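In case you want the letters, here they are:
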Amino acid sequence: MFRRRNPVSGEARDDVVAITLPARLERLRLLRLVAAEVAIGADFGVDDIEDLRAGVDELSSLLFVAARPGSVARVRFTTATGSVAFRATVARRPGASIEPDEVARLVLDAVTDGYATEASADELQVELVRRRRPGAAS
Amino acid sequence: MDTATAQGFDVRCDPGEGRTVVRVRGELDAHTARELLARVTERLASTSDGVDLELSGVTFLDSGGLRSLVLLAALGGGGRGGLRLVTPSPPIRRVLALTGHADRFTVLT
């Protein structure tokens, strides 16, 4: 398993990968690569890895299009037993919307176990969770 | 033949005789879709015989990439010979099935 132990308490803890990157569509490929690496570390099977990549890509596409030009995205992957959670936040371009259209919703419904988008006056945030399918562990 | 390449993405156009063949390789997402749209729109405008998109080398497709294919198929209508998807890879077939878009294209397997 990918879980590590707290060096002080000795208790298992979730594993976190946190990165910042330019909020631009050119960086989608990098995010998919990171998502795949995190999924492999979580013992996801091939189909689960592809689903996590797809979900991260869809939500990040929405986010980057609505981000304030020149801003950065703060991204966090959290691995717990049998699941990976993804969250990303950007500064909001004034008036920008972040709701997925019907096509994106169909993809997200199929590849995630839940997702959400949230908009405040200044920030936009997306998140999803993907659980490992039974029998998919490597 | 001319080519255009972004990181992890490659479009090769082969006008030849008859239908133009455009071979696409790599990951087709909301970013690389812009390149595909520009290249294939240009081809559709310059031929009356239509365009075949050869897609066996596409390893990833998201909704942004799918929208570009839908738009190109619409542009290819109206007596211009049309756009056909040739040997779409498993990732493409999966997204077409998930979104119910398979019937919107002429697909050659």
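Residues numbered from 1 in each chain as written. Chains lettered and ligands numbered in written order. Predicted model: local features only at pLDDT ≥ 70, side-chain atom pairs only at ≥ 80, totals over all residues.

Quick word on the sheet that holds strand S6 (residues 115–119) of chain A
Residues and elements named next belong to chain A.
Here is step 1 of the chain: The sheet built from 5 strands is open, its strands ordered S3-S4-S5-S7-S6 with antiparallel pairing. In the strand order of this sheet, the two ends are held by strand S3 (15–22) and S6, each with one partner. Across the sheet, the axes of successive neighbouring strands diverge by a mean angle of 10 degrees, strand direction being ignored.
Here is step 2 of the chain: Inspection of the sheet shows strand S4 (residues 72–80) paired to strand S5 (residues 83–91) by 7 bridges, in the antiparallel sense. In the sheet register, Arg76 faces S5, and the bridge partner there is Arg87.
Here is step 3 of the chain: Relative to S4, helix H1 (residues 28–41) is tilted by about 15 degrees, and along the sheet it contacts S3, S4 and S5. (Pairing = 2+ DSSP bridges. Helix = DSSP H or I, 4+ residues; strand = E, 2+ residues; numbered from the N terminus. Axes fitted to C-alpha atoms, helices over the stretch in contact; angles between N-to-C directions. Contact = placed C-beta atoms within 7 Å.)

Remarks on the pairing of strand S3 (residues 20–28) of chain B
All names here are of chain B.
Here is step 1 of the chain: As paired elements, strand S2 (residues 9–14) and S3 share 6 bridges and run antiparallel to each other. Across the sheet, residue Asp14 finds its bridge partner in S3, namely Val21.
Here is step 2 of the chain: Here S2 folds back onto S3 in antiparallel fashion, the turn holding 5 residues, of which Gly16 has a positive phi close to 50 degrees.
Here is step 3 of the chain: Two strands pair when backbone bridges link them, and S3 and strand S4 (residues 51–61) are joined in this way by 8 bridges, in the parallel orientation. Across the sheet, the residue bridging to Leu28 is Leu61, located in S4.
Here is step 4 of the chain: Taking the sense of rotation as the criterion, the β-α-β connection linking S3, helix H1 (residues 32–46) and S4 turns out right-handed. (Right-handed = clockwise from strand over helix to strand, strands pointing away.)

Notes on the confidence of the model for chain B
Here is step 1 of the chain: Here chain B averages 90 in pLDDT, and 92% of its residues register 70 or above.
Here is step 2 of the chain: Among the scores for the predicted complex, ipTM is 0.89 and pTM is 0.89. (pLDDT = per-residue confidence, 0-100.)

Quick look at the environment of Thr79(A)
Here is step 1 of the chain: Of note, Thr79(A) is situated in strand S4.
Here is step 2 of the chain: A sequence separation of 62 residues divides Thr79(A) from Val17(A), and the C-alpha atoms of the two residues are 8.4 Å apart.

Overview of the interface of chain A and chain B
Here is step 1 of the chain: Across the boundary between the two partners, chain A contributes 13 residues, which contact 14 residues of chain B.
Here is step 2 of the chain: Elements that contribute at least two residues to the side of chain A that touches chain B include exactly H1, helix H2 (46–66) and helix H3 (102–111) of chain A.
Here is step 3 of the chain: It is H3(A) that contributes the most residues to the side of chain A that touches chain B, 5 residues altogether.
Here is step 4 of the chain: Of the residues belonging to the side of chain A that touches chain B, the class tally is 8 nonpolar, 1 polar and 4 charged. (Nonpolar A, V, L, I, M, F, W, Y, C, P; charged D, E, K, R; others polar.)

A look at the environment of Arg93(B)
Here is step 1 of the chain: Relative to the helices and strands, Arg93(B) is located in helix H3 (residues 90–99).
Here is step 2 of the chain: Between the C-alpha atom of Arg93(B) and that of Leu83(B), which follows or precedes it by 10 residues, the distance is 17 Å.

Thoughts on H1(A)
Residues and elements named next belong to chain A.
Here is step 1 of the chain: Helix length check: H1 (14 residues) gives 20 Å between terminal C-alpha atoms against 20 Å at 1.5 Å per residue, within 8%.
Here is step 2 of the chain: Listed in full, the buried residues belonging to H1 are Leu28, Arg29, Leu31, Arg32, Ala35, Val38 and Ala39.
Here is step 3 of the chain: Backbone geometry just after H1 places Asp43 at a positive phi near 65 degrees. (Expected span 1.5 Å × (residues − 1). Buried ≥ 20, exposed ≤ 12 C-beta atoms within 10 Å, placed from the backbone.)

Here we look at the packing of H3(A) against helix H2 (residues 63–75) of chain B
Here is step 1 of the chain: As a packed pair, H3(A) and H2(B) sit with axes 9 Å apart at the nearest point and diverge in direction by 135 degrees. Relative to H2(B), the element H3(A) is oriented oblique. The element H3(A) and its partner H2(B) pack so that their crossing is right-handed. Contacts between H3(A) and H2(B) involve Val103(A), Ala104(A) and Val107(A) on the former and, on the latter, Ser63(B), Leu66(B) and Arg67(B).
Here is step 2 of the chain: Of the residues belonging to the contact of H3(A) with H2(B), the class tally is 4 nonpolar, 1 polar and 1 charged. (Parallel < 35°, antiparallel > 145°, perpendicular 65-115°, else oblique. Left-handed = near helix turned anticlockwise from the far one by under 90°.)

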